[in-house]
Amino acid sequence: MTDDLKEFWKEALKIIETGTSFVTYEVWISSLEPVDIFKNTLIMVSPTTMAVNVIKNNYLDLIRHAANKVNGNITDVFIIPASELKDYLKTRVLPGADVAATAGPSPNPQFEPPIFNPKYTFDNFVVGKSNQLAHAAAKAVADSPGKSYNPLFIYGGSGLGKTHIMHAIGNQLLKEKPYLKVNYLTSERFVNELVEAIRVGKEQSTKQFRNKYRSLDVLMVDDIQFMANKVSTQEEFFHTFNDLYQLGKQIIISSDRAPKFLSELEERLRSRFQWGLIVDIQPPELETRLAILKKKAENENYNVDEKVFHLIAERIDSNIREMEGMLSRITFYASLIGASKVTHDIAVEALKDFLDNKREVLTIDKIIDAACSYYSISKADMISKKKNREIVEPRQVCIYIITEMLNVPLAAIGSALGGRDHTTIMYARDKITELIQTNTNIATAVKDIKDMILRQ
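All figures in this text were calculated on a predicted structure; none of them were measured in a lab. For every chain, the first residue of its written sequence is number 1, and the numbers climb from 1 along that sequence. With the structure being a predicted model, the display of local features is reserved for residues of pLDDT at least 70 and the display and counting of side-chain atom pairs for 80 or more, all residues being used for whole-chain, interface and lining totals. Side-chain numbers come from the whole structure's heavy atoms, not from hydrogens or water.

A. Geometry of the confidence of the model for the chain. Predictor confidence is given residue by residue as pLDDT, running from a minimum of 0 to a maximum of 100. Model confidence for the chain is summarised by a mean pLDDT of 84, while 90% of its residues fall at 70 or above. Here, residues are in contact when the closest pair of their heavy atoms is within 4.5 Å. In this model, residues 96–110 is a region of pLDDT below 50 whose contacts with residues beyond four sequence positions or in other chains number twelve contacts.

And the structure:
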């Protein structure tokens, strides 16, 4: 190793050391030795073929990033086992390369990281009882991708902060670990890209699609439920998931429901989603809603009276996005009338149309429809005399929710559910009341269906 290479590698190691664990550094990185810089490629030697494979699969981007930081002309890294070093030094041709192509290996095409919303960070994420587990898990994954929880599956209703927390992970990764290949996309985009690759019909386009996602260090897919009933897409995602998981790459998925309730997805996919950690984001309690509104006002430099926050937080209890939109509407109205501070009276005037419109009346039929949709069963089955478990449990959950959300006679509930006796309704109500305390599946179903109803 020349003095120049020694000095170069010493500086690169300082960067690498800050981006990996002590064990990784000692076991895999410290044994590497640079032997050449040829045609913008750093050539390194590792003691064994096994070590070469491990480093290529897990740490090549880290080394490439560090090398480029020290020497901007270096665009790629190639690692060879010690057993092949003599042949390389004689010919300066890399193993597996075309001997006639003496220009050396071509650098990998530049990877374009996704654009994350700069406002969606962990610092701007208000933590409360409703989301503290999801926040802690996301932070752990951002600190140590592929090591803490893999896959990380986040679910919750629309407008509760799933996208915010995924962007927060992405923003932290790009800031603290820029050498990682991170991609964030919706499941709809994944579907569209696959369809386009198939439409083109060339083997190369399909291969490029697969390489794009299977070479990632972190894959983040939002709204996985939209892959429902798309057989080819699920097949492709299944193999992508397997490849990344086996290589120890981080997978982060969001959905509106827990994996086991995504009945439109293949069982093998739902099973894999449960390999890691599943966390939910629930509708925020009043204190958290107030904190979110105050944080929004602080970030946007809104001058808002305390009473305004309470007006909004007490009016909207299940959708953060809608709540923040209402605050923006009020402050915009205040600016139009030239007010320097948003008062309670100004807020009431700005929301006049909204406050005058009463929420649509909730009925037994609407709750039944929501439960049927959640469990993917027909209304005919729900009100039928069928007594198989796949129907009985959803029916009892539905009865419990009706008794919780509506003040109606038990006889009326029985009538709407196929003419059942009031004692049957009482039994179902009491049974679910008891199960909620011990059965997390039932408790989750009740909460999710209520959320669906409140969002309507």
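Still more ground to cover, so stick around.
B. Summary view of the sheet that holds strand β7 (residues 250–255). Here, a strand pair is defined by DSSP locating no fewer than two bridges between the strands. By definition, any uninterrupted DSSP run of H or I lasting at least four residues is a helix, any uninterrupted run of E lasting at least two residues is a strand, and each is numbered from the N terminus. In space, the five strands of this open sheet follow the order β5-β6-β7-β4-β8, with parallel pairing throughout. On the outer flanks of this sheet lie β5 (182–186) and β8 (277–281), each paired with one strand and no other. On average, each strand axis in the sheet is tilted by 15 degrees relative to the strand beside it, whichever way the strands run. Where strand β4 (residues 152–156) lies against β7, four bridges are found, and the strand directions are parallel. Bridge pairing in β7 places Ile154 opposite Ser254. Only C-alpha atoms enter the line fits that serve as axes; for helices the fit covers just the stretch in contact. Angles between N-to-C directions range over 0 to 180 degrees. Against the sheet, helix α6 (residues 132–143) makes contact with β4, β7 and β8, and its axis sits at roughly 135 degrees relative to β8, the strand it touches most. Those strands touched by helix α10 (residues 231–246) are β6 (218–222) and β7, and its axis lies near 140 degrees from that of β7.

C. Region of interest: unusual backbone geometry. Following Asn150, the chain continues to Pro151 via a peptide bond in cis, the omega torsion being -5 degrees. One non-glycine residue with positive phi stands out, namely Asn229, at about 65 degrees. In this fold, Asn229 is placed in the loop between β6 and α10. Remark: exposure states derive from per-residue accessible area (1.4 Å probe, protein chains only) relative to the maximum for the residue type, with buried under 20%, exposed over 50%, and partly exposed in between. Given a relative accessible area of 62%, Asn229 falls into the exposed group. For Ser376, which is not glycine, the phi dihedral falls at a positive 60 degrees. Relative to the helices and strands, Ser376 resides in the loop between α17 (364–375) and α18 (379–382). Owing to a relative accessible area of 39%, Ser376 belongs among the partly exposed residues under this scheme.

D. Structural detail: the packing of aromatic side chains. What counts as a ring pair is set by centres within 6.5 Å for rings of Phe, Tyr and Trp (its six-membered ring), and what kind of pair is set by the plane angle: stacked under 30 degrees, edge-to-face over 60, tilted for all other angles. Tallied over the full model, the rule gives 14 aromatic pairs. Considering the side-chain rings of Phe261 and Tyr374, the 4.9 Å spacing of their centres and the 45 degrees angle between planes classify their relative orientation as tilted. Highlighted residues: Phe261 in the loop between β7 and α11 (267–273) and Tyr374 in helix α17, separated in sequence by 113 residues. Here the two residues Phe261 and Tyr374 agree in accessibility, since each one is buried. By definition, being over a ring means that NZ of Lys or CZ of Arg is both within 6 Å of the ring centre and within 35 degrees of the ring normal. A cation over a ring is seen here: Lys56 above Phe78, with NZ or CZ 5.0 Å from the ring centre. Positioned above the aromatic ring of Phe238 is the side chain of Arg268, whose terminal nitrogen or guanidinium carbon lies 3.9 Å from the ring centre.

E. Here's a closer look at the packing of helix α19 (residues 389–405) against helix α21 (residues 422–435). Packing of α19 against α21 leaves a shortest axis separation of 8 Å and a crossing angle of 90 degrees. As judged from the angle between their axes, α19 and α21 are roughly perpendicular. Contact with α19, carried on its side by Gln396, Val397, Ile399, Tyr400 and Thr403, involves Ile425, Tyr427, Ala428, Arg429, Lys431, Ile432 and Thr433 of α21 and no other residues of that element. Lys, Arg, Asp and Glu make up the charged group, whereas Ala, Val, Leu, Ile, Met, Phe, Trp, Tyr, Cys and Pro make up the nonpolar group; the residues left over, Gly among them, are polar. Residue composition of the contact of α19 with α21, by class: seven nonpolar, three polar and two charged. The labels follow the angle: roughly parallel below 35 degrees, roughly antiparallel above 145, roughly perpendicular from 65 to 115, and oblique for the rest.

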